[in-house]
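# Results of the structural survey
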Amino acid sequence: MFSYRHAFHAGSHADILKHLTLVHLVEYLQEKPGALTIVDTHAGAGIYSLIDGFASVSKEADGGIYRLMEYAASNPISEGIQNYLSLIQAENTADEMSIYPGSPFILARLLRPQDRLKLFELHPKEIDILRHNISELKQAKQIDVYAADSFSRLKGLLPPPSRRGLVLIDPSYEDKQDYRYLEAAMEEALQRFATGCYAIWYPVLSRRESADLPGRMKKIAALHKRSWLHTELRVENAPKERRLQASGMFIINPPWTLEKHLAESLPILVKALGQDVGAQYLLNSFEA
Ligand code: SAM
């Protein structure tokens, strides 16, 4: 426990899939003026340097955000990818791309005055960095940061007062129990707030818990008569290598626009980020 630091993975292909999806969810939910409450159950440090510290050691951004930006400079891209890239670029200067915003910063930048953001982080070092980073934002007053286990605390925030909510669930799955905790948290969350939009990220790994995750989420969604959307992005197929080659998002109560949005962007991500012929995407959905 507590060996995971998201800085190692900042700007990776997995962050791209997650954050591209997240930006669209927020933009859709903000089409109505009513206040939106966003919960980020696994926040990390908030924002990362790509040129020093952990990210400069792992260099995962080389195959992720740097590669996508290079592709976008000379190829057509979707409006969705453009919107996502604009948010990343906004944290950087015109001539240097050295910063990657994590989900807390991406979400904070999108807040309207009526919206609220709730961040959970359990790591003793990450929580201090996160609090400091958030305190520097002009949106800080709209943001609550909790040093707590989000799996047990999420239900306490649901339903949000405005009844309009988005929950990003992005565990590290460092602890195998996270898969079980996720299921229990989703069961409780849907009992309390069935109409919320829930976006769950997961790594595509050969371990059974990971392979079973989409099926288990489909079962929970069916029990609660909820619609879902399931997507995966694979950038390579090199079974002997241990690095993460694919990840997925499972969305419960997705906006009707999400499938079209991803159908436009995923083929571009495969082209831009694909490392070998095994690069591919998956996209399917069910309407309750
Ligand atoms: N969502 C972030 C982003 O997209 O930028 C990345 C988050 S990272 C994958 C997962 C984080 O969750 C780690 O910083 C870890 O310390 C934290 N964490 C792990 N278990 C947790 C729990 N039960 N409650 C809250 N945070 C937890």
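Everything below is about the structure shown above.
Now for a quick tour of the structure. (Residues numbered from 1 in each chain as written. Predicted model: local features only at pLDDT ≥ 70, side-chain atom pairs only at ≥ 80, totals over all residues. Heavy atoms only, no water.)

## Comments concerning the overall build of the protein
Along the protein, the regular secondary structure elements total 10 helices and 10 strands. Computed over C-alpha atoms, the radius of gyration of the protein comes to 18 Å, within 12% of the 19 Å expected from 2.2 N^0.38 for 288 residues, which places it in the range of a compact globule. Principal axes of the C-alpha set define a box for the protein whose edges measure 45 × 40 × 40 Å. Put simply, the protein has 288 residues, and 55% of those count as buried. In the protein, 78% of the contacts between residues at least 6 apart in sequence involve partners at least 24 apart. Accessible surface computed for the protein: about 13,200 Å², of which carbon and sulfur atoms make up 52%. Averaging the positions of the 33 positive and the 35 negative side-chain charges in the protein gives two centres separated by 6 Å. (Helix = DSSP H or I, 4+ residues; strand = E, 2+ residues; numbered from the N terminus. Rg over C-alpha atoms; globule rule 2.2 N^0.38 Å. Buried < 20%, exposed > 50% of the residue type's maximum accessible area, 1.4 Å probe, protein only. Contact = heavy atoms within 4.5 Å. Areas by Shrake-Rupley, 256 points an atom, 1.4 Å probe, with all protein chains shown as cover. Lys, Arg positive; Asp, Glu negative; His and termini not counted. Charge placed at Lys NZ, Arg CZ, Asp CG, Glu CD.)

## Digging into the pairing of strand E6 (residues 165-169)
Most of E6 is tucked away, with five of its five residues classed as buried. Residues of E6 alternate between two faces, with Gly165, Val167 and Ile169 on one and Leu166 and Leu168 on the opposite face, all of them buried. With four bridges joining them, strand E1 (residues 37-40) and E6 adopt parallel strand pairing. Bridge pairing in E6 links Val39 to Val167. Of the pairings in the sheet, the one linking E6 to strand E7 (residues 197-203) comprises four bridges and is parallel in character. Its bridge partner being in E7, Leu166 is matched across the sheet by Cys197. Once you follow E6 into helix H8 (residues 177-192) and on to E7, the crossover reads as right-handed. (Pairing = 2+ DSSP bridges. Right-handed = clockwise from strand over helix to strand, strands pointing away.)

## Examining the pairing of E1
Residues in a regular strand point their side chains to alternate faces of the sheet. The alternating pattern of E1 places Thr37 and Val39 and Ile38 and Asp40 on opposite faces, both of which are buried. With four bridges connecting them, E1 and strand E4 (residues 116-120) associate as parallel partners. Each residue of the ladder has a partner; that of Val39, found in E4, is Lys118.

## Points about the packing of aromatic side chains
Evaluated as defined, the whole model comprises seven aromatic pairs. Judged by centre distance (4.8 Å) and plane angle (25 degrees), the ring pair of Phe120 and Tyr146 falls under stacked. Of the two residues, Phe120 sits in strand E4 while Tyr146 sits in strand E5 (residues 143-146), which places them 26 residues apart along the sequence. Take Phe120: its relative accessible area is 1%, and that puts it in the buried class. By relative accessible area, which is 18% here, Tyr146 ends up buried. Members of the aromatic cluster, each reached through a chain of ring pairs, are Tyr173, Tyr179 and Trp201. Looking at Lys18, its charged tip hangs above the ring of Trp201, at a distance of 5.6 Å from the centre. (Phe/Tyr/Trp six-rings, centres within 6.5 Å; stacked < 30°, edge-to-face > 60°. Lys NZ or Arg CZ within 6 Å of the ring centre and 35° of its normal.)

## Brief notes about helix H5 (residues 103-110)
Buried residues dominate H5, accounting for seven of its eight residues. Those residues of H5 lying buried are Ser103, Pro104, Phe105, Ile106, Leu107, Ala108 and Leu110.

## A look at the site of the ligand
The immediate surroundings of the ligand are formed by 19 residues, with His42, Ser103, Glu121, Asp149 and Asp170 found nearest. Measuring from a nitrogen atom of the ligand, one finds a side-chain N or O atom of Asp149 at 2.7 Å. Counting residues per element, the ones that place at least two in the shell around the ligand are helix H1 (13-29) and helix H7 (150-153). (Near = heavy atom within 4 Å. Polar contact = N/O pair within 3.5 Å; in protein donor to acceptor, adjacent residues only side chain to side chain.)

## Notes on the packing of H1 against H5
Packing of H1 against H5 leaves a shortest axis separation of 11 Å and a crossing angle of 25 degrees. On the basis of their axis angle, the class for H1 and H5 is roughly parallel. Read as a crossing pair, H1 and H5 show a hand that is right-handed. Contact residues: His19, Leu22, Val23 and Val26 in H1; Ser103, Ile106, Leu107 and Leu110 in H5. In terms of residue class, the contact of H1 with H5 is made up of six nonpolar, two polar and no charged. (Axes fitted to C-alpha atoms, helices over the stretch in contact; angles between N-to-C directions. Parallel < 35°, antiparallel > 145°, perpendicular 65-115°, else oblique. Left-handed = near helix turned anticlockwise from the far one by under 90°. Nonpolar A, V, L, I, M, F, W, Y, C, P; charged D, E, K, R; others polar.)

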